[in-house]
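# Breakdown of the fold
The primary structure of each chain is shown beneath.
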Amino acid sequence: MSGTEELLRSRGLRVTRPRLAVLDVLAGGGHLEVDEITRRVRERLDSVSTQAVYDVLGALSRAGLARRIEPAGSPARYEARVGDNHHHVVCRGCGEIADIDCAVGSAPCLEPNIAHGFEVDEAEVTFWGLCPDCRARRSADV
């Protein structure tokens, strides 16, 4: 039995070829849209529907094996990096997304002034700006 199969079972999920394929795609890194995940899964399996990929991603997210992020104005994206309260920076020009580690030591984003009775265990912070390529294109256009 592979480590991925054991991981699925440890989270109470059945081992299926689509789940294994999606986890393999996500393990490749990045912040992928469903269409890209589906394309890559289809390279591994004979056939899989887009709805099946959505279902797998939902199950993996609920089980803590994938993270769904939704930058404003962008479709949902998924990544394999979970459980570490990291943040993201999004390029306003091309939409590229990169990870940013949370502050080392105290994580003030997890201690809101008023939590309304919630036990906060994660904060979703998105930074916006221009990536190096878009900055270079902007400078060249000026």
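Thresholds applied
Residues numbered from 1 in each chain as written. Predicted model: local features only at pLDDT ≥ 70, side-chain atom pairs only at ≥ 80, totals over all residues. Heavy atoms only, no water. Salt bridge = Lys/Arg side-chain N within 4 Å of Asp/Glu carboxyl O. Helix = DSSP H or I, 4+ residues; strand = E, 2+ residues; numbered from the N terminus. Pairing = 2+ DSSP bridges. Axes fitted to C-alpha atoms, helices over the stretch in contact; angles between N-to-C directions. Polar contact = N/O pair within 3.5 Å; in protein donor to acceptor, adjacent residues only side chain to side chain. Contact = heavy atoms within 4.5 Å.

As a further point, take the pattern of salt bridges. On inspection of all chains with the given rule, the structure shows 10 salt bridges. For the salt bridge of Arg-44 with Asp-24, the shortest nitrogen-to-oxygen distance reads 2.7 Å. With Arg-44 in helix H3 (residues 34–44) and Asp-24 in helix H2 (residues 17–27), this pair connects stretches of sequence that are 20 residues apart. Among the ionic pairs, Arg-77 bridges to Glu-33, the shortest N-O distance being 3.3 Å. With Arg-77 in strand E3 (residues 77–79) and Glu-33 in strand E1 (residues 32–33), the pair connects residues that are 44 residues apart, well separated along the chain.

Take the sheet that holds strand E6 (residues 126–129) next. In space, the 3 strands of this open sheet follow the order E5-E4-E6, with mixed pairing throughout. The open sheet terminates on both sides in strands that have one partner only, identified here as strand E5 (97–100) and E6. Each neighbouring strand pair of the sheet contributes to a mean axis angle of 25°, computed without reference to strand direction. Bridge count for strand E4 (residues 87–91) against E6 is 4 bridges, and the pairing is parallel. Of the residues in E6, the one forming a bridge with Val-89 is Phe-127.

So, about the side chain of His-86. Mapped onto the elements, His-86 comes out in the loop between E3 and E4. Polar side-chain contacts of His-86 include one of 3.0 Å to the side chain of Glu-79. Separated by 3.3 Å, the side chains of His-86 and Asp-99 make a polar contact. Contact partners of His-86, with chain neighbours within four places excluded, come to Arg-67, Glu-79, Arg-81, Asp-99, Ile-100, Asp-101 and Cys-102.

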